[in-house]
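# Coordinate analysis (summary)
If you want the building blocks of each chain, they are given just below.
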Amino acid sequence: MKTVSEVYDTYGQARAVVTDLNAAGVPDSKISLVANKYVSEEYDEIDDYSDAAAGAGVGAAVGGVGGLLAGVGMIAIPGVGPVVAAGWLAATLAGALAGAATGGVVGALVDAGIPDGDADVYSESIRRGGTLVTVQAEDGQAATVKVILDRHQPVDPATRRDEYTASGWKGYDPAAKPYDLSEAERERIRSPYSQHL
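Structural notes, computed from the coordinates. The structure displayed is predicted, hence computed values, not measured ones.

Conventions and cut-offs
- Residues numbered from 1 in each chain as written.
- Predicted model: local features only at pLDDT ≥ 70, side-chain atom pairs only at ≥ 80, totals over all residues.
- Heavy atoms only, no water.
- Helix = DSSP H or I, 4+ residues; strand = E, 2+ residues; numbered from the N terminus.
- Buried < 20%, exposed > 50% of the residue type's maximum accessible area, 1.4 Å probe, protein only.
- Phe/Tyr/Trp six-rings, centres within 6.5 Å; stacked < 30°, edge-to-face > 60°.
- Polar contact = N/O pair within 3.5 Å; in protein donor to acceptor, adjacent residues only side chain to side chain.
- Contact = heavy atoms within 4.5 Å.
- Axes fitted to C-alpha atoms, helices over the stretch in contact; angles between N-to-C directions.
- Parallel < 35°, antiparallel > 145°, perpendicular 65-115°, else oblique.
- Left-handed = near helix turned anticlockwise from the far one by under 90°.
- Nonpolar A, V, L, I, M, F, W, Y, C, P; charged D, E, K, R; others polar.
- Pairing = 2+ DSSP bridges.
- Arc of directions from axis to C-beta.

This part is about the overall build of the protein. Regarding its fold elements, the protein presents nine helices and five strands. For the protein, the residues scored as buried account for 49% of the 197 residues in total.

What follows deals with the packing of aromatic side chains. For the structure on display, the rule yields one aromatic pair. An angle of 70° between the planes, with centres 5.5 Å apart, marks the rings of Tyr164 and Trp169 as edge-to-face. Residue Tyr164 is classed as buried on the basis of its relative accessible area, which comes to 2%.

Attention shifts here to the side chain of Ser5. Relative to the helices and strands, Ser5 is located in strand S1 (residues 2–8). Here the side chain of Ser5 touches Thr134 through a polar contact of 3.1 Å, side chain to side chain. Discounting residues that sit within four places of it in the chain, Ser5 has contacts with Ile114, Tyr122, Leu132, Val133, Thr134 and Leu149.

For the rest of this paragraph, the subject is the environment of Gly81. Here Gly81 is to be found in strand S4 (residues 81–86). When the C-alpha atoms of Gly81 and Asn36 are compared, they prove to be 7.7 Å apart, with 45 residues separating the residues in sequence. Once residues lying within four places of it in the same chain are set aside, the contact partners of Gly81 are Ile75, Ala76 and Pro178.

Contact geometry of helix H1 (residues 11–23) with helix H7 (residues 142–151) gives a least axis separation of 9 Å together with a crossing angle of 150°. Classed by the angle they form, the pair H1 and H7 counts as roughly antiparallel. The interaxial crossing formed by H1 with H7 has right-handed handedness. In contact with Val17, Asp20 and Leu21 of H1, H7 contributes Val145, Ile148, Leu149 and Arg151.

Packing of helix H6 (residues 116–127) against helix H8 (residues 157–166) leaves a shortest axis separation of 10 Å and a crossing angle of 60°. Crossing of H6 against H8: the hand is left-handed. Listed contacts from H8 to Gly117, Asp118, Asp120, Val121, Tyr122, Glu124 and Ser125 of H6 are Pro157, Arg160, Arg161 and Tyr164. Residues belonging to the contact of H6 with H8 are distributed by class as follows: four nonpolar, two polar and five charged.

This part covers the pairing of S4. Of all six residues that make up S4, five are buried, and the element is covered over most of its length. The pairing of strand S2 (residues 31–36) with S4 spans four bridges and is antiparallel. Residue pairing in the sheet places Leu33 in a bridge with Ala86 of S4.

So, on to H8. For the α-helix, the turn length of 3.6 residues means that residues three or four positions removed from each other point alike. Inspection of H8 places Pro157, Arg160 and Tyr164 among the buried residues, and these make up the whole buried set. Buried residues of H8 fall within an arc of 65° about the axis and therefore sit on the same side. Of the exposed residues in H8, the ones pointing more than 90 degrees away from its buried face are Asp162 and Ala166. Count one or two residues on from H8 and you reach Gly168, which has phi positive near 105°.

Following this line, the structure appears as structure tokens:
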């Protein structure tokens, strides 16, 4: 089993990835998606998220992600903000927020198989309106999964780290203010992918 992850500037890209993964025979049970709450609302009618604002933890199942994945819920991540999380990674993140994982959210992402150098960039990308797709791929299917994820123009973590650092970002900060809807939208529009839509 190999974990393959990419982060995307738009929720639409991530949805297309999940659709392509399903078409290639990857079961939903092996796919996870973590999206900024505000950006995902553009695509799905999402119910009340007030539980997420009250504290960490997965909220009640909601109607988001268009039925793509089971187990959709809300998580309020310190330093990232409210996110829509679906799949096996949602439980890992909820455990990290409850104190079960060492290193908080970044530690939970690393424990889930995301490279250590990428986990904080992925967290910041989600905070700024991005969407993370993570797949537990069978060894014989890992190359196909990687091709599918790469097909939809994922963020290059090294390039994005340089961009964030140039603007004063120093790494994942659990005390960072979550982006609001207008900030997340401005960040999404700024992305190179969005400029080609």
